[in-house]
Amino acid sequence: MNRQRLPVALLIGSIVVIVISAIAPVVWADWLLENAVVAVALPLFVFGYRRLHFSNASYVSLFVFLILHETGAHYTYSNVPYDQWFADAFGVTLNSLLGLTRNHFDRLVHFSYGLLITPAAVDLFAQRAPPRGIWRWILPVTFMMSHALIYELVEWAAATAFGGDLGQEYLGTQGDPWDAQQDMLLASLGSIVSMVFLGVTRRHPSGAGVSINR
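Computed from a predicted model, the values in this text were never measured in an experiment.

The rules behind these values
- Residues numbered from 1 in each chain as written.
- Predicted model: local features only at pLDDT ≥ 70, side-chain atom pairs only at ≥ 80, totals over all residues.
- Heavy atoms only, no water.
- Phe/Tyr/Trp six-rings, centres within 6.5 Å; stacked < 30°, edge-to-face > 60°.
- Helix = DSSP H or I, 4+ residues; strand = E, 2+ residues; numbered from the N terminus.
- Buried < 20%, exposed > 50% of the residue type's maximum accessible area, 1.4 Å probe, protein only.
- Axes fitted to C-alpha atoms, helices over the stretch in contact; angles between N-to-C directions.
- Parallel < 35°, antiparallel > 145°, perpendicular 65-115°, else oblique.
- Left-handed = near helix turned anticlockwise from the far one by under 90°.
- Contact = heavy atoms within 4.5 Å.
- Nonpolar A, V, L, I, M, F, W, Y, C, P; charged D, E, K, R; others polar.
- Salt bridge = Lys/Arg side-chain N within 4 Å of Asp/Glu carboxyl O.
- Core = buried A, V, L, I, M, F, W, Y, C linked by side-chain atoms within 4.5 Å.
- Expected span 1.5 Å × (residues − 1).
- Arc of directions from axis to C-beta.

Caption draft 1: Representation of the packing of aromatic side chains. Applying the stated criterion to the full structure yields 9 aromatic pairs. An angle of 65° between the planes, with centres 5.5 Å apart, marks the rings of Phe65 and Tyr113 as edge-to-face. Placement of Phe65 in helix α4 (residues 56-75) and of Tyr113 in helix α7 (residues 105-128) is noted, with a sequence separation of 48 residues between them. Classification of Phe65 as buried rests on a relative accessible area of 14%. According to the relative accessible area criterion, Tyr113 is partly exposed, its value standing at 21%. Taken together, the ring pairs in this structure connect Phe45, Tyr49, Phe54 and Tyr59 into an aromatic cluster.

In structure tokens, the structure reads:
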């Protein structure tokens, strides 16, 4: 599949995923809030493709993250029934195996944000503001950390503005007073893991074929 075909296929796949997610979501208003960013980001990727396009690996990573996000939007992040899915497949819940007491799907997605969006951040810097030396490794991570902070601030502002059950569903703290800090930490760790992976594959190009330098 050539360079142009894969992004087009992923765009079509993204639209399909969004449509499926929109079929009878658990909380319509929460689904709309969760997809506000998608409604802005997806057209930017499409209309800005000729001026700024990413590697195919980055587009695949973005698509995987979209699937995770739309799953959370459909069920609300605090109520994604991953434990039931796991129990249906293996006869025991994942939470019981790991000794967990809360729904951790939101934690997975925050970690995945750092892990899966960082390759696109690397591409962005390489094309628009190429860093040198150690900054090639530091700037993408700090860029992702700043995104994690901004998202938590936006989430807090939206939850405060809407209040009530909708605000609680969107915030999804599940009673954890350190929810925002843990979410930011997980996004940061995901980004670091992604950069380590990119560094390893850069030194061993016969591996995943991903390079930090375009």
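Still more to cover.
Caption draft 2: Layout of unusual backbone geometry. For Ala24, which is not glycine, the phi dihedral falls at a positive 50°. Within the secondary structure layout, Ala24 lies in the loop between α1 (5-21) and α2 (28-34). Positive phi values are uncommon outside glycine, yet Thr76 reaches one of about 75°. Looking at Thr76, the relative accessible area reads 0%, which means it is buried.

Caption draft 3: Inspection of the packing of α4 against α7 at higher detail. Packing of α4 against α7 brings their axes to within 9 Å, and their N-to-C directions diverge by 155°. Put simply, α4 runs roughly antiparallel to α7. Seen from above, α4 lies across α7 with left-handed handedness. Together, Ser58, Ser61, Leu62, Val64, Phe65, Leu68, Thr71 and Gly72 of α4 and Phe105, Val109, Ser112, Tyr113, Leu116, Ile117, Pro119, Ala120 and Asp123 of α7 make up the contact between the two elements. The residue inventory of the contact of α4 with α7, partitioned by class, reads 11 nonpolar, 5 polar and 1 charged.

Caption draft 4: A look at the packing of α1 against α4. Put simply, α1 and α4 touch, their axes get as near as 9 Å, and they point 5° apart. It follows from the interaxial angle that α1 and α4 lie roughly parallel. Between α1, through Leu6, Pro7, Leu10, Gly13, Ser14, Val17, Ile18, Ile20 and Ser21, and α4, the contact on the second element is made entirely by Asn56, Tyr59, Val60, Phe63, Leu66, Ile67, Glu70, Ala73 and His74. Classifying every residue of the contact of α1 with α4 by side-chain character gives 12 nonpolar, 5 polar and 1 charged.

Caption draft 5: A look at the pattern of salt bridges. What the rule picks out here adds up to 2 salt bridges. Notably, a salt bridge pairs Asp106 with Arg102, separated by 3.0 Å at the nearest N-O pair. Exposure remark for Arg102: the relative accessible area of 14% places this residue in the buried category. Here Asp183 and Arg107 are joined by a salt bridge, their closest N and O atoms 2.9 Å apart. Taken together, the residues span a long stretch of sequence, with Asp183 in helix α10 (residues 179-203) and Arg107 in helix α7 at a distance of 76 residues.

Caption draft 6: Quick peek at the nonpolar core. Judged by nonpolar contacts, the single largest core of 19 residues is most densely connected at Phe105 and Val109. Here this core takes 6 residues from α7, the largest share from any one element. Look past the residues within four positions of Val109 in its chain and what remains in contact with it is Phe65, Leu68 and Tyr77. Counting residues in hydrophobic clusters, the runner-up holds 6 residues, among them Ile18, Ala22, Val38 and Leu66.

Caption draft 7: The arrangement of α1 in detail. The end-to-end C-alpha distance of α1, which contains 17 residues, comes to 24 Å, matching closely the 24 Å that a straight helix rising 1.5 Å per residue would cover. For α1, every residue scored as buried is listed here: Leu6, Pro7, Leu10, Gly13, Ser14, Val17, Ile18 and Ser21. For α1, the arc enclosing every buried residue in end-on projection is 140°, short of the 170-degree limit, so these residues lie on one face. Relative to its buried face, α1 has exposed residues pointing more than 90 degrees away, namely Arg5, Ile12 and Ile20. Buried positions along α1 lie against α2, α3 (36-47) and α4.

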